[in-house]
Structure formats: C-alpha cells, structure tokens
Amino acid sequence: MQYRKFGKLDKEFSALGFGTMRLPVIDGQDANVDEAAAIEMMRYAIDNGVNYFDTAHPYHGGNSETVVGKALSGGYRDKVAVATKLPPWEVQTPADFDRLLDEQIAKLGCGHVDMYLLHCLQWKWWPMLRDMGILEWLEGARKDGRIAEAGFSFHDNVDIFKEIVDAYDWAFCQIQYNYVNEDVQAGTEGLKYASDKGLAVIVMEPLFGGTLASPGGAVGEIWSEANLDPVDTALQWLWNKPEVSLVLSGMSDMQQTRANIA
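Residue numbers run consecutively from 1 along every chain, following the written order of its sequence. The predicted origin of the model limits local features to residues at a pLDDT of at least 70 and limits the giving and counting of side-chain atom pairs to 80 or more, whereas totals for whole chains, interfaces and linings rest on all residues. Excluding hydrogens and water, the side-chain figures rest on all heavy atoms present in the structure.

Trainee: I would appreciate a short explanation of the overall build of the protein in the present structure.
Mentor: Secondary structure elements are taken from DSSP: a helix is a run of H or I of four residues or more, a strand is a run of E of two residues or more, and numbering for both begins at the N terminus. Looking only at helices and strands, the protein features 11 helices and 10 strands. We take the radius of gyration over the C-alpha atoms and set the globule estimate at 2.2 Å times the residue count to the 0.38 power. In terms of overall dimensions, the protein is globule-like: its C-alpha atoms have a radius of gyration of 18 Å, near the 18 Å expected for 262 residues. Should any heavy atoms of two residues lie within 4.5 Å, those residues are counted as being in contact. The long-range share in the protein, meaning contacts at least 24 apart out of those at least 6 apart in sequence, stands at 74%. Note on areas: Shrake-Rupley, 1.4 Å probe, and residue coverage restricted to the protein chains presented here. When the accessible area of the protein is evaluated, it comes to approximately 11300 Å², of which 48% is carbon and sulfur surface.

Okay, here's the thing in structure tokens:
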C-alpha cells in the first residue's frame, strides 16, 4: 500500500480509502447489510494497508456506522482513522449537533471520531449550519476530544465551495471528482484551491457511481481496443494528481476490494 501526507496535518493515510456506502446487502435491501461479508472485506483491507474508513449517518438506512464499528472491534480500531458525517437535514436546533455526534460515537463504539465532516454541504445547508454556530461547536467538540479533525463533504458550485473553504480552518474536504467531472461541482478549480490552502482533499465518486467501471457500446469498444482497464485508469488518473490526498472507493464485494488494493 502507498501512503500520502494528509494536507497540512502531520498524518499519512493510504492512497485508497474504504467507503462504506455500498457494502454488500442481503436480498437487495439497502438497510440489510451482509455483516459477515462486509466485516471480512473491511478487515482484509486493513490487513493489506488501508487505514482510512469513511461512513455516514444515513448510509445503509443508518446501519453502516454500526457495521463499521463491529468490523473495527478486536484490535482493528487502533489501526485506522474513522470518518463519519453530521447530516444537516437532521438538524433542527444547535442541540442536535451534540445529539447526533453522541449517537454516532455510540454506534461506532469507538470513543471518538478521527475525522468528522459536515455532510453534503451546499447552499441550502451551509448558511443554516453556519448561523446556528456550527464552527464554534466544532471547536468545542475538538477540545473535548469527541472529534480529532473537522472537514466537510461538498455538492454544489465552486464559488460556494471557496466560500466554505475560507470560512474555517478546516483540516480536509471531500469532493466528487473524476475524469468526466473536471468542471462539475468543485471540480479541478476547487481541488487546486483547497490544496493550495493546505487542506487535504479526499475524492469520492472516482467511478461516478460505478458508471465509469463498465463503459458500454462504442465507448466500451474503444477501451477494449486500447487494452485498458477502466477502473484502474480512472483511479490512476486521480492518484497521479498531487493535490489528491486520498481516493475513496465504495466497495461492494471482495473482488472489488482485492482489485482496488492491487
């Protein structure tokens, strides 16, 4: 496994992070995670050098955090950084900040969260959280030890992205980015902007929800003629950018896990 410096922090994480939004499920039911298979995959990843795990409050009907916590029992917790996210749509008053974080820590069974993100920031959520005092609350949660570092994930235009980057001393951010999204949402401009400010930049949707993994029709023929693996090419395209600190992949089976690690 290769490791990269994480922005301005004195930390290094694996170039590949494990996203837990697309864990294997039973009978096609998103909330019914196949825990045995998911735990086997996550522990295989840790045993092979992956040390960053990303989850969130709504993933798998609220069950992803619990399954991640189970996977990290038995000594695995000390080998990884755990990231989860505060869901703005669940916030009615500032008291919900503490309620949600404490629930998440309990579900993860980890005592604290290494990387805590404001989830899916966009124009309709950002002003609300800001005006409720979220930035001051983040400082307090860091001081009392419930979170180690603060960041945000993002889905909106680059101007709003820059405003959020400049609003706080973030450790990191997480953006949708791939070779067909260079000018979408934060895009390449946002990637470089955040990196220049010292933020570690985590990339999500490197395969655009899996659509870049299996190109069909005439496009698929071009890939075949070029003798290129679409998944490998998409991931390497990102890893070849020095501004990218870590690429998350939402892995759904052991075959994907092995291939991504390789």
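There's more to say after this.
Trainee: Looking at this model, I keep getting lost on the pairing of strand β9 (residues 200–204). Mind explaining?
Mentor: The side chains of a regular strand alternate between both faces of the sheet. Only protein chains enter the calculation, and the probe is 1.4 Å; a residue is then buried if its accessible area is under 20% of its type maximum, exposed if over 50%, and partly exposed in between. Of all the 5 residues making up β9, 5 are buried; the element is thus mostly covered by neighbouring parts of the structure. Neither face of β9 is exposed, since A200, I202 and M204 on one face and V201 and V203 on the opposite face are all buried. Pairing analysis gives 5 bridges linking strand β8 (residues 172–176) to β9, with the strands arranged parallel. Residue Q174 lies in a different strand from β9, and its bridge partner there is I202. Any two strands with at least two DSSP-identified bridges between them are counted as paired. With 2 bridges joining them, β9 and strand β10 (residues 246–250) adopt parallel strand pairing. Within β10, the position partnered with I202 by the bridge is L246.

Trainee: Looking at this structure, how should I read the pairing of strand β3 (residues 16–19)?
Mentor: In β3, alternate side chains face the same way, and those of L16 and F18 on one face and G17 and G19 on the other are all buried. Pairing of β3 with β10 involves 4 bridges; the strand directions are parallel. Opposite F18, over in β10, you have S249 as the bridge partner. When β3 meets strand β4 (residues 52–54), the two strands line up parallel, connected through 2 bridges.

Trainee: What's the story with the packing of aromatic side chains in this structure? I'm lost.
Mentor: Two measures describe an aromatic ring pair: the distance that separates the ring centres and the angle between the ring planes. Aromatic contacts are taken between Phe, Tyr and Trp rings whose centres are within 6.5 Å, Trp giving its six-membered ring; a plane angle under 30 degrees counts as stacked, one over 60 as edge-to-face, and the others as tilted. Summed over all chains, the structure comprises 15 aromatic pairs. Ring geometry for F6 versus F13: centroids 4.9 Å apart, planes at 85°, classification edge-to-face. Across the pair, exposure class does not vary: F6 and F13 are buried alike. Here the aromatic rings of Y168 and W170 are separated by 4.8 Å at their centres, their planes lie at 75°, and the arrangement is edge-to-face. The pair formed by Y168 and W170 is uniform in burial state, with each residue classed as buried. Within the aromatic cluster, the residues linked to one another by ring pairs are F152, F154, F161, Y168 and W170.

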